[in-house]
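Given next are the chains, with one letter for each unit.
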Amino acid sequence: VIQNKRREIKKEKDLKSEVDRNFGLSNYKTQSFLDLLIEFSGGENGYTDLELREEILTLTIAGTDTTGISIGYTLKLLAMYPKVQDKLYQE
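Note that the structure is a prediction, hence the values are computed from the model and not measured.

Caption draft 1: Fine view of the environment of Lys10. Position of Lys10 relative to the elements: it lies in helix α1 (residues 2–15). For Lys10 and Glu44, which are 34 residues apart along the polypeptide, the C-alpha to C-alpha distance reads 8.3 Å.

This is the structure we're talking about:
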């Protein structure tokens, strides 16, 4: 997947017009997280495929872990305070 994305970015870069290359008009296009990570790491000279994979895994796991802890703590607090839980249910 990463190799395909690298080829896609290189092909897109080669097809850009001079105006796009000089003024960065393509920056207004929506990019995926992988596109941005490859671009900001230095493009072809940036992260290796292994480093890209590790960065993506780290950020994904960190995001889900934080969300899970937040939801668990919120549920614990709601269980400790039934009046607040009832108000929340009413809303």
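So much for the structure itself; the text now carries on.
Caption draft 2: Representation of the side chain of Arg6 in the model. With respect to the secondary-structure elements, Arg6 resides in helix α1. On the basis of relative accessible area, Arg6 is assigned to the buried category, the value being 16%. Reaching out from Arg6, the side chain makes a polar contact with the side chain of Asp49 at a distance of 2.8 Å. Not counting residues within four places of it along the chain, the set of residues in contact with Arg6 comprises Ile38, Gly43, Glu44, Tyr47, Thr48, Asp49 and Leu52.

Caption draft 3: Structural context of the nonpolar core. Within the largest apolar cluster, five residues are counted, these being Ile2, Leu34, Leu37, Ile38 and Leu52. With three residues, helix α3 (residues 33–40) is the single largest residue contributor to this core.

Caption draft 4: Region of the structure containing the packing of α3 against helix α4 (residues 49–80). Close contact between α3 and α4 brings their axes to 11 Å; oriented N to C, the two are set at 130°. In this view, α3 runs oblique relative to α4, as classed from their interaxial angle. As α3 runs across α4, the sense of the crossing is right-handed. Residues Phe33, Leu34, Leu37 and Ile38 of α3 form the contact with α4, whose participating residues are Leu52, Glu55, Ile56 and Leu59. Per-class residue counts for the contact of α3 with α4 are seven nonpolar, no polar and one charged.

Calculation notes
Residues numbered from 1 in each chain as written. Predicted model: local features only at pLDDT ≥ 70, side-chain atom pairs only at ≥ 80, totals over all residues. Heavy atoms only, no water. Helix = DSSP H or I, 4+ residues; strand = E, 2+ residues; numbered from the N terminus. Buried < 20%, exposed > 50% of the residue type's maximum accessible area, 1.4 Å probe, protein only. Polar contact = N/O pair within 3.5 Å; in protein donor to acceptor, adjacent residues only side chain to side chain. Contact = heavy atoms within 4.5 Å. Core = buried A, V, L, I, M, F, W, Y, C linked by side-chain atoms within 4.5 Å. Axes fitted to C-alpha atoms, helices over the stretch in contact; angles between N-to-C directions. Parallel < 35°, antiparallel > 145°, perpendicular 65-115°, else oblique. Left-handed = near helix turned anticlockwise from the far one by under 90°. Nonpolar A, V, L, I, M, F, W, Y, C, P; charged D, E, K, R; others polar.

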